[in-house]
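In case you want the letters, here they are:
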Amino acid sequence: PDSARVEECREAIAPILIASASSDWRERHQAVTTLADLLMLDFPAEVSSQVGLLTQTFDVMSQRLTDSNSKCQLHALQTLNNVIPALCSGSTVVAAAEGGSAGISHAPMSPTSSGSSGARMVLQPVLSLFVPAMAKCLASSNGTVRTNATTLFSTLNGHVDHPSLIQLFVNICN
């Protein structure tokens, strides 16, 4: 990606970072939606190729995974379930049925699929940011959050190189 597009992406992320830290849950919820649109529609190549941008975006998502508002938490889980395949496998972006936010059409890669190892390593730099937050969602008292966290772990398992997850899972279990 060219440097002008990367800079344009950085500028687009700045207001999202501010909104994601708002005390109003609706602003945090909207920040996740806006970030998903940016990741999947506007700048997927720029974000996935720039570790700094990837870190910023997944830091926002990690914070929303542990949000005190279950609506924000659930939205982040569902959004990551769409964003991960889009960033890792270049899935086709389609319009979502509700809310106008982006969705994707994808088939998770199996551990034995022929997906390129480069695509499976896209999230390697940010796994430690959001996998522990995902694990906390599994312990939620909200059944919908738990179910969506399980789905997200399955999605992650299908799109990330398995050895990169082992140490994270061991740390979570300790």
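### So, the confidence of the model for the protein
Taken residue by residue, the protein gives an average pLDDT of 81. The fraction at 70 or more is 81%. Confidence, read as mean pLDDT per element, is least for strand β1 (residues 92–95) in the protein (36) and greatest for helix α8 (residues 143–159) (94). For residues 91–115, every residue scores under 50 in pLDDT, and the model assigns this stretch 47 contacts once sequence neighbours within four places are set aside.

### Things to note about the packing of aromatic side chains
For the coordinates displayed, the defined rule picks out two aromatic pairs. Seen from their ring centres, Phe 58 and Phe 130 are 4.9 Å apart, and the 35 degrees between their planes marks the pair as tilted. You can see Phe 58 sitting in helix α4 (residues 51–65) and its partner Phe 130 sitting in helix α7 (residues 127–138), a full 72 residues away along the chain. With respect to class, Phe 58 is no different from Phe 130; both count as buried. Plain terms: the ring middles of Phe 153 and Phe 169 are 5.8 Å apart, the flat faces sit at 50 degrees to each other, and that makes the pair tilted. Taken together, the residues Phe 153 in helix α8 and Phe 169 in helix α9 (residues 163–173) connect sequence positions 16 residues apart. Look at Phe 153 and you get buried, because its relative accessible area is 16%.

### Re the environment of Cys 72
As for its placement among the helices and strands, Cys 72 is situated in helix α5 (residues 70–89). As a C-alpha pair, Cys 72 and Trp 25 span 47 residues in sequence and 6.8 Å in three-dimensional space. Sequence-distant contacts of Cys 72, defined by excluding residues within four places in its chain, comprise Trp 25, Arg 28, His 29, Arg 64 and Asp 67.

Calculation criteria
- Residues numbered from 1 in each chain as written.
- Predicted model: local features only at pLDDT ≥ 70, side-chain atom pairs only at ≥ 80, totals over all residues.
- Heavy atoms only, no water.
- pLDDT = per-residue confidence, 0-100.
- Helix = DSSP H or I, 4+ residues; strand = E, 2+ residues; numbered from the N terminus.
- Contact = heavy atoms within 4.5 Å.
- Phe/Tyr/Trp six-rings, centres within 6.5 Å; stacked < 30°, edge-to-face > 60°.
- Buried < 20%, exposed > 50% of the residue type's maximum accessible area, 1.4 Å probe, protein only.

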